[in-house]
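# Analysis of the macromolecular model
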Amino acid sequence: MASTRVASRYVKSLLGLAVEKGALEEVHKDMQLFSKTCNESYEFVMLLRSPIVKHDKKKAILDELFKGKVHNLTLAIFDIITRKNREPLLPMIAHEFHDAYNEHKGIGKATITTTIPMDKQLRNEVEAIVKKLNNKKQIELTEKVDEELIGGFVLQVEDKQIDACVKNKLK
């Protein structure tokens, strides 16, 4: 719980500074790159969490991986976090930054789970419905496929859920 609170404070500070410096889009892309790196490399996340690896070594690794690929503001936050010995928070900060970015830009978030992948036309129709439900101009729609639903769909729009799957109706 305490780590979540600390991470959200870093996120708020980084978001505010990125907006102030006019680098919001670049920092957002950097945080997405960092999240992707964490998702693809379990070893990298374990390195950040490791109490055995010294903080200056972690800083050197972060610089080696990201210097020249990310904005200076992103490198600065990496530096601040490593100086304060809080590297394990970096994956959480990157993930929460995306949510804060969406909130700042007014982008809604929705997840739809179906039994088969949706085609483009159906996806557009679902996005239009979600925009009406959410009163947002843009929607970030995440698609999931779950064959156990048998048929139908489950649509989750922020804290609302519409469950129209056959599996649930059979129960």
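See the structure printed just above.
Okay, so let's go over this structure. (Residues numbered from 1 in each chain as written. Predicted model: local features only at pLDDT ≥ 70, side-chain atom pairs only at ≥ 80, totals over all residues. Heavy atoms only, no water.)

The helix and strand inventory of the protein stands at 8 helices and 4 strands. Of the regular secondary structure in the protein, the N- to C-terminal order runs α-α-α-α-α-α-β-α-β-β-β-α. For the protein, buried positions account for 39% of its 171 residues. A total accessible area of about 10,800 Å² is found for the protein, and carbon and sulfur atoms account for 52% of it. The protein carries 29 positive and 25 negative side-chain charges, and their two centres are separated by 5 Å. (Helix = DSSP H or I, 4+ residues; strand = E, 2+ residues; numbered from the N terminus. Buried < 20%, exposed > 50% of the residue type's maximum accessible area, 1.4 Å probe, protein only. Areas by Shrake-Rupley, 256 points an atom, 1.4 Å probe, with all protein chains shown as cover. Lys, Arg positive; Asp, Glu negative; His and termini not counted. Charge placed at Lys NZ, Arg CZ, Asp CG, Glu CD.)

So, about the pairing of strand E2 (residues 138-145). Two faces belong to every sheet, and in a regular strand the side chains alternate between them. Of the pairings in the sheet, the one linking strand E1 (residues 107-114) to E2 comprises 8 bridges and is parallel in character. Counted as the bridge partner of Ile107 is Gln138 from E2. Assessed by its sense of winding, the connection that carries the chain from E1 through helix H7 (residues 120-134) to E2 is right-handed. (Pairing = 2+ DSSP bridges. Right-handed = clockwise from strand over helix to strand, strands pointing away.)

In this section: the sheet that holds strand E4 (residues 160-165). Ordered in space as E2-E1-E3-E4, the 4 strands form an open sheet in which the pairing is mixed. Edge positions in the sheet fall to E2 and E4, since each has one partner strand and no second. Between one strand axis and the next, the sheet turns by 15° as a mean value, whatever way the strands run. Contacting E1 and E2, helix H6 (residues 90-105) runs over the sheet at an angle of about 120° to E1. H7 contacts E1, E2, strand E3 (152-157) and E4 of the sheet and is inclined by roughly 125° relative to E2. (Axes fitted to C-alpha atoms, helices over the stretch in contact; angles between N-to-C directions. Contact = heavy atoms within 4.5 Å.)

Per the stated rule, a full pass over the model turns up 5 aromatic pairs. Ring centres of Phe34 and Phe78 lie 5.2 Å apart, and the angle between their planes is 45°; on these two criteria the pair is classed as tilted. Taken together, the residues span a long stretch of sequence, with Phe34 in helix H2 (residues 24-40) and Phe78 in helix H5 (residues 72-83) at a distance of 44 residues. Each member of the pair Phe34 and Phe78 is classed as buried. Ring pairs connect the aromatic residues Phe34, Phe44, Phe66 and Phe78, which therefore count as one cluster. (Phe/Tyr/Trp six-rings, centres within 6.5 Å; stacked < 30°, edge-to-face > 60°.)

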